Amino acid sequence: MTSGKKRSARRKGRLILLNIIFIILCLVTLVPVFYALNVSFSGKEAALSGSLSLLPKSPTLDNYKTILVDEPFLLWLKNSLILSLGTIAISMLCAVPAAYAVSRWRFRGRQATLRVLLVLNAFPQILSMFALFRVLKILGLLNSHFGLIIIYAGSMCVFGIWNLKGYFDTIPVEIEEASKIDGANDAQMIMRIVLPLAKPAIIVTCVMVLITVWNEYLFATTFLLDSSTYSLAGGLYQLQSNDYSRSWPVFTAASVIASVPLLIIFFAVQKHMESGLTAGGVKG
């Protein structure tokens, strides 16, 4: 009993130490966030001051008023929403059936195709920049949201296939066989059994695609050339491109507002971002 108590005490001590380390790491990573919030609520001289403070000395909403009233921020926000939702729709329409097919069907070249897609998606974006620019220009899709959506959807579809395939692999085949015994056809089995069980993975994949497109900078600033088509990445870049009009407090205010939709969406779907629903499906 004494040795057991000692082991239990050591285990609790290690857990407490790990928790303390994790709390410290979380606080350290939150310091830049708090500093950005401080600058966004401060005057123009706050970013140039040598002191590091997490609370603004003279709080003001002028920076948020400037970005929302004097700058076309809402237009950038709308363009980013168009790009994100369009990419999610196209990539998921392709990725979900493709992932289910490679998970359930055994056909010639299945593994080779998956590896090729993975290798192609692993290349840096900048390597394909010139080729994509020429293709969009030839097709008349340069400076077009639809052209950029197609580019985003191509890379995000590969990510979605690999991410969803792993989850489809965990869904027991017996569930599908039982639904067919009950008289369900393939379409009913997929729509009423498979997709509800894969809902957590689909939601996680959609959120990951949203975050990637929302924060994408390289393609957005290269293929969208007109100010009316700028996404948030291009718009924020323009805020800092001019040395005479550059304002870090306004820039941080814009960055904070741009982060709010992602935070709202993340917390809204957090309850769905859990796996393990297959266990309930087997019992049912």
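Note that the structure is predicted; figures quoted are calculated from it, not measured.

Some remarks on the overall build of the protein
Part 1: Scanning the protein from N- to C-terminus turns up 13 helices and zero strands.
Part 2: The secondary structure elements of the protein, listed N-terminal to C-terminal, are α-α-α-α-α-α-α-α-α-α-α-α-α.
Part 3: Considering the protein as a whole, with its 284 residues, one finds that 33% of them fall into the buried category.
Part 4: Across the protein, contacts joining residues at least 24 apart in sequence account for 74% of those joining residues at least 6 apart.
Part 5: For the protein, the accessible area works out to roughly 17,500 Å², and carbon and sulfur atoms hold 68% of it.

Some details on a positive patch on the surface
Part 1: Taken together, the side chains of Lys6, Arg7, Arg10, Arg11 and Arg14 make up a positively charged region of the molecular surface.
Part 2: Tracing the backbone through its elements, the reader meets Arg11 in helix α1 (residues 2–40).

Side note on unusual backbone geometry
It is generally the case that most residues other than glycine have a negative phi and that most peptide bonds are trans.
Part 1: In this model, Asn143 sits at a positive phi of 60°, which is unusual for a non-glycine residue.
Part 2: Here Asn143 shows up in the loop between α5 (129–139) and α6 (145–170).

Concerning the packing of aromatic side chains
The way to describe two aromatic rings as a pair is by their centre distance and the angle between their planes.
Part 1: Inspection of every chain in the model, using the stated rule, returns eight aromatic pairs.
Part 2: Through pairs of rings, three or more aromatic residues link up here, namely Phe133, Phe219 and Phe223.

Considerations on the nonpolar core
Part 1: Among the nonpolar cores identified, the biggest contains 53 residues, and Ile67, Phe73, Leu148, Leu164 and Phe168 are the most heavily contacted of them.
Part 2: It is helix α3 (residues 73–104) that provides the largest number of residues to this core, a total of 11 residues.
Part 3: If sequence neighbours within four positions are ignored, Leu148 has contacts with Leu83, Phe219, Ala220, Phe223 and Leu224.

Examining the side chain of Thr229
Part 1: Position of Thr229 among the secondary structure elements: in the loop between α10 (218–223) and α11 (232–241).
Part 2: In this structure the side chain of Thr229 is engaged in a polar contact, spanning 2.8 Å, whose partner is the backbone oxygen of Asp226.
Part 3: Excluding its chain neighbours within four sequence positions, the residues that come into contact with Thr229 are Asn79, Asn143, His145 and Leu224.

So, the state of the cysteines
Part 1: The final tally for this structure, using the stated rule, is zero disulfides.
Part 2: With no disulfide partner, Cys157 has as its closest neighbouring cysteine sulfur the one in Cys94, 4.8 Å distant.
Part 3: The exposure class of Cys157 is buried, given its relative accessible area of 13%.

Re a nonpolar patch on the surface
Part 1: Among the surface-exposed residues, Leu15, Leu17, Leu18, Ile21, Phe22 and Leu25 lie close enough to one another that they form a single nonpolar patch of about 570 Å² accessible area.
Part 2: Within the secondary structure layout, Leu18 lies in helix α1.

Notes on helix α2 (residues 62–70)
Part 1: For α2, the full list of buried residues reads Asn63, Tyr64 and Ile67. The arc that holds every buried residue of α2, seen down its axis, measures 100°, which confines them to one face. Opposite the buried face of α2, by more than 90 degrees, sit the exposed residues Lys65, Val69 and Asp70.

Observations regarding the pattern of salt bridges
Here the idea is simple: oppositely charged side chains can pair when their charged atoms come close.
Part 1: Here the structure, examined in full by the defined rule, presents two salt bridges.
Part 2: We note a salt bridge from Glu176 to Arg104, for which the minimum N-O separation is 2.8 Å. Of this pair, Glu176 sits in helix α7 (residues 173–181) while Arg104 sits in helix α3, and the two are 72 residues apart along the sequence.
Part 3: Residue Asp169 pairs with Lys165 through a salt bridge whose shortest N-O separation is 2.8 Å. Here Lys165 and Asp169 lie together in helix α6, a separation of four residues that amounts to about one turn.
Part 4: Taking the relative accessible area as the measure of exposure, Asp169 reaches 38% and is therefore partly exposed.

Some details on the confidence of the model for the protein
Part 1: Overall, the predicted model of the protein reaches an average pLDDT of 83, with 88% of residues at or above 70.
Part 2: Per-element averaging of pLDDT across the protein places helix α13 (residues 277–283) at the bottom with 38 and α3 at the top with 92.

Thoughts on the side chain of Arg110
Part 1: On the secondary structure map, Arg110 appears in helix α4 (residues 110–122).
Part 2: Nearest to the buried, unbridged Arg110 among oppositely charged side chains is Asp169, at 5.3 Å.
Part 3: Polar side-chain contacts of Arg110 include one of 2.5 Å to the backbone oxygen of Val102.
Part 4: Contact partners of Arg110, with chain neighbours within four places excluded, come to Val102, Trp105 and Lys165.

Reading the values: rules and limits
Residues numbered from 1 in each chain as written. Predicted model: local features only at pLDDT ≥ 70, side-chain atom pairs only at ≥ 80, totals over all residues. Heavy atoms only, no water. Helix = DSSP H or I, 4+ residues; strand = E, 2+ residues; numbered from the N terminus. Buried < 20%, exposed > 50% of the residue type's maximum accessible area, 1.4 Å probe, protein only. Contact = heavy atoms within 4.5 Å. Areas by Shrake-Rupley, 256 points an atom, 1.4 Å probe, with all protein chains shown as cover. Patch = residues over 30% accessible without salt bridge, like charges linked within 9 Å, V, L, I, M, F, W, Y side chains within 5 Å. Salt bridge = Lys/Arg side-chain N within 4 Å of Asp/Glu carboxyl O. Lys, Arg positive; Asp, Glu negative; His and termini not counted. Charge placed at Lys NZ, Arg CZ, Asp CG, Glu CD. Phe/Tyr/Trp six-rings, centres within 6.5 Å; stacked < 30°, edge-to-face > 60°. Core = buried A, V, L, I, M, F, W, Y, C linked by side-chain atoms within 4.5 Å. Polar contact = N/O pair within 3.5 Å; in protein donor to acceptor, adjacent residues only side chain to side chain. Disulfide = S-S within 2.5 Å. Arc of directions from axis to C-beta. pLDDT = per-residue confidence, 0-100.

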